[in-house]
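Chain by chain, the residues run as shown.
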Protein chains: 2
Amino acid sequence: MGKVTVVGIGPGSLMDMTERARRAIDEAEVLVGYHTYIELIEPLIKGREVIGTGMRQEVERCRAAVEAALTKSVVVVSSGDAGVYGMAGLVLELLLNIDKSQRPAFEVISGVSAVNAAASVLGAPLMHDFAVISLSDLLTPWELITKRVELAAQADFVIALYNPKSHKRIENIREVQEIVLKYRSKNTPVGIVTGASRSNETKVITTLEKFTEESINMFSLVIIGNSTTYVKEGYMLTPRGYKDLGVIE
Amino acid sequence: MGKVTVVGIGPGSLMDMTERARRAIDEAEVLVGYHTYIELIEPLIKGREVIGTGMRQEVERCRAAVEAALTKSVVVVSSGDAGVYGMAGLVLELLLNIDKSQRPAFEVISGVSAVNAAASVLGAPLMHDFAVISLSDLLTPWELITKRVELAAQADFVIALYNPKSHKRIENIREVQEIVLKYRSKNTPVGIVTGASRSNETKVITTLEKFTEESINMFSLVIIGNSTTYVKEGYMLTPRGYKDLGVIE
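One structure accompanies this document, and this report is about it. Being a predicted model, the structure only gives us computed values, none of them experimental. (Residues numbered from 1 in each chain as written. Chains lettered and ligands numbered in written order. Predicted model: local features only at pLDDT ≥ 70, side-chain atom pairs only at ≥ 80, totals over all residues. Heavy atoms only, no water.)

### A short note on the relation of the copies chain B and chain A
Worth spelling out the cut-off: The superposition of copies rests on a least-squares fit of C-alpha positions from residues with pLDDT of 70 or more in both. In this description, contact between two residues means that some pair of their heavy atoms is separated by no more than 4.5 Å.
The two copies are related by a screw motion: chain B maps onto chain A through a turn of 180° and a shift of 0.0 Å along the axis, at an RMSD of 0.0 Å. One copy is carried onto the other by what is essentially a two-fold rotation axis. A symmetric contact is evident, with 100% of the interface residues of chain B recurring at the interface of chain A.

This is the structure in structure tokens:
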């Protein structure tokens, strides 16, 4: 019986991968992943068997991983943290359908999540309570997504948006903007980071009123500040509250 | 002029630190951190100057870091990701008070966040939209915290609680439980991970009705499932929605 390890490789650069992730990849007999992620770890592959790169559907790819894991040691690579909109859940769901006597071992290895990588590029926008919401309505009804945006805005959470825009969904982000504008000033800082820690990384710091005019794609992470977030000299910062306590100026 | 780099060392084990974090620590002239975190990176210190371990207040420690960075290369270590309730924001606030002509360079290096580490220990509870809330009312009014809990519960976010309990705050977690119970079944899965990735790591998977009976301390991370989260054979899992689409059983 084999094993399947779902590995979060971090946001992109091998420098942002953990030692545990690297070792798991080194020790695997089979590597599974979407071609973009397999390319990111290319120097680590060293001639080993790679499957699933050509499969467009993640379900198909995870099925292939679980099947290979019946007899082999398999690593499924996922960008960022594998447990946040990544492959950990799907692999686990498929594994739990297999009878325990036949089931491969299972492990998740955490990585630096995209939201944390994006925040570090912008300054320190996530220093207070935050909500993480995916705008992809492929697996979630759009009504539930907008309800969450509305309540998160009302709660004054910093809001991090995954999958903010794709070719098929160009209006959704404007609807989100409209909802948040009901609760927050149009000058609320918004940071957009695309391809954090990859060679083509870009960042923009703008406002709630203007951010939908910027270039946003499926590799972008959008962070909308809360009511106390400010921008100073190119950094986006959500204070933790020390000023209110009078302990710093 | 020096530099201050705020480094997220990940949840605890050196195995869960990124290569970028390790190199920054290796190259620093001065290391700054709370004694618990300095102990975690002890094998990497190699006789270098360490300051701030005896300081109980984080503001005092960050001030010392910024002062040292006027002339030296300084690394401030923070557990998990430095940008989530960590030292990134405070260091940046203090730096921005210094005139630009004198100001040390600044960088944040992301680490694996505590919430991601805890999730990987439990299975895959964070596969859908989630909210991160600290229950520490030292820097945030308790009324704002409970408002956020209420709206997050209403929005059916998976809810991750940082700083769930301290010696001084033992009733707060029960109030949170009461609020979430207004919106979710008493059988909603709750996972508690204490010391994720450290030698004393423990995990418990229980229910919304019972979780406050478990041992919870300031090193614990509590994850409250959403309305679809389930427990199967020891794993806590929030499905992404593939079953609804009919693509998996």
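### Structural notes on the environment of B:A105
All names here are of chain B. What counts is decided by this rule: Only DSSP runs of H or I covering at least 4 residues are called helices, and only runs of E covering at least 2 are called strands; the numbering of each starts at the N terminus. With a 1.4 Å probe rolled over the protein chains alone, any residue whose accessible area is under 20% of its type maximum counts as buried; one over 50% counts as exposed, and the rest are partly exposed.
When you line up the elements, A105 lands in strand β5 (residues 105-109). Judged by relative accessible area, which is 38%, A105 ranks as partly exposed. Along the primary structure A105 and S73 are separated by 32 residues, whereas in three dimensions their C-alpha atoms are 9.2 Å apart. The contacts of A105, once residues within four sequence positions are left out, are G2, K3 and V4.

### Points about the packing of helix α7 (residues 142-154) of chain A against helix α8 (residues 172-181) of chain A
The relative placement of two packed helices comes down to the angle between their axes together with the axis-to-axis distance. Residues and elements named next belong to chain A. Formally: Interaxial angles span 0 to 180 degrees and are taken between N-to-C directions of axes, which are lines fitted to C-alpha atoms, for helices over the stretch in contact. Crossings are sorted by hand: turned counterclockwise from the far helix by less than a right angle, the near helix makes the crossing left-handed, and turned clockwise it makes it right-handed. Residue type decides the class: Asp, Glu, Lys and Arg count as charged, Ala, Val, Leu, Ile, Met, Phe, Trp, Tyr, Cys and Pro as nonpolar, and the leftover types, Gly among them, as polar.
Look at α7 against α8: their axes get within 9 Å of each other, and the N-to-C directions meet at 30°. Handedness of the crossing formed by α7 with α8: right-handed. Across the interface between the two elements, W142, T146, V149, E150 and A153 from α7 touch N172, E175, V176, I179 and V180 from α8. Looking at the contact of α7 with α8 residue by residue, the class counts come to six nonpolar, two polar and two charged.

### Let's talk about the packing of aromatic side chains
Applied cut-off: Aromatic pairing here means that ring centres of Phe, Tyr or Trp (its six-membered ring) are within 6.5 Å. Orientation follows from the plane angle: under 30 degrees is stacked, over 60 is edge-to-face, and everything else is tilted. Counted as over-ring charges are cases with an Arg CZ or a Lys NZ within 6 Å of the ring centre that also lie within 35 degrees of the ring normal.
What the rule picks out here adds up to six aromatic pairs over all chains. If you follow A:R148 out to its NZ or CZ, it ends over the ring of B:F157, 5.8 Å from the centre.

### Some points on the interface of chain B and chain A
Spelled out, the test is: The buried area of a pairing is the accessible area, by a 1.4 Å probe, that goes missing from both parts when the two are put together, added over both. Between Lys or Arg on one side and Asp or Glu on the other, a salt bridge is scored when a side-chain nitrogen of the former is within 4 Å of a carboxyl oxygen of the latter. Counted as a polar contact is a pair of N or O atoms within 3.5 Å, where, for protein atoms, one must be capable of donating a hydrogen and the other of accepting one, and residues adjacent in sequence contribute only when both atoms are in side chains.
Contact residues are listed per partner, giving 75 residues for chain B and 75 residues for chain A. Both sides together, the interface formed by chain B and chain A hides about 6,900 Å², and carbon and sulfur atoms give 57% of it. The interface formed by chain B and chain A contains eight salt bridges. As a salt-bridge pair, B:R148 and A:D156 come within 3.8 Å of each other at their nearest N and O atoms. Where chain B meets chain A, there are 35 residue pairs in polar contact (both at pLDDT 80 or more).

### Points about the packing of helix α4 (residues 58-68) of chain A against helix α5 (residues 88-96) of chain A
All names here are of chain A. To keep it simple, the criterion reads: Any angle from 65 to 115 degrees is called roughly perpendicular, while one under 35 is roughly parallel, one over 145 is roughly antiparallel, and all others are oblique.
Taken N-terminus to C-terminus, the directions of α4 and α5 make an angle of 55°; their axes are 9 Å apart at the nearest point. Viewed along their axes, α4 and α5 adopt a mutual orientation that is oblique. Seen from above, α4 lies across α5 with right-handed handedness. On the side of α4, the interface is formed by E58, V59, C62, R63 and V66, while α5 contributes L90, V91, L94 and L95. Tallied by class, the residues present in the contact of α4 with α5 amount to seven nonpolar, no polar and two charged.

### Describing the side chain of A:D16
For A:D16, the position within the fold is in the loop between β1 (3-8) and α1 (19-27). One polar contact links A:D16 to A:S197, side chain to side chain, over a distance of 3.1 Å. If sequence neighbours within four positions are ignored, A:D16 has contacts with A:I9, A:G10, A:P11, A:V112, A:S197, B:T18 and B:R20.

### Comments concerning the sheet that holds strand β7 (residues 130-134) of chain A
Pairing between the strands of a sheet comes from backbone hydrogen bonds, and it takes one of two forms, parallel or antiparallel. The test is simple: Should DSSP find at least two bridges between two strands, the strands are taken to pair.
One open sheet holds the 10 strands; their spatial order is β10(A)-β9(A)-β11(A)-β8(A)-β7(A)-β7(B)-β8(B)-β11(B)-β9(B)-β10(B), and the pairing between them is mixed. For this open sheet the edge positions go to β10 (202-207) of chain A together with β10 (202-207) of chain B, each flanked by a neighbour on one side alone. Pairs of neighbouring strands in the sheet enclose a mean axial angle of 15°, with direction left out of account. With three bridges connecting them, strand β8 (residues 158-162) of chain A and strand β11 (residues 220-224) of chain A associate as antiparallel partners. From the neighbouring strand, A:A160 faces β11(A), where its bridge partner is A:I223. Packing of helix α6 (residues 114-122) of chain A onto the sheet brings it into contact with β8, β9 (189-194), β10 and β11 of chain A, and relative to β11(A) it is tilted by some 65°.

### Some words on the pattern of salt bridges
Per the counting criterion, the structure on display carries 22 salt bridges over all chains. Between B:E19 and B:R23 there is a salt bridge, and its shortest N-O distance comes to 3.1 Å. In this pair, B:E19 and B:R23 both sit in helix α1 (residues 19-27), four residues apart, roughly one turn of the helix. On the basis of relative accessible area, B:E19 is assigned to the partly exposed category, the value being 21%. Residue classification places B:R23 among the partly exposed positions, given a relative accessible area of 40%. One salt-bridge network, in which partners are shared between bridges, spans A:D129, A:D156, A:R184 and B:R148.

### Observations concerning α1(A)
Residues and elements named next belong to chain A. Counted only if it meets this: Note: the arc covers the axis-to-C-beta directions of the helix.
Among all positions of α1, only A21, A24 and I25 are buried. Axial view of α1: buried residues confined to an arc of 100°, hence all on one face. Tucked inside the fold, the buried residues of α1 contact β1, β2 (30-32), α3 (42-45), β4 (73-78) and β5 (105-109).

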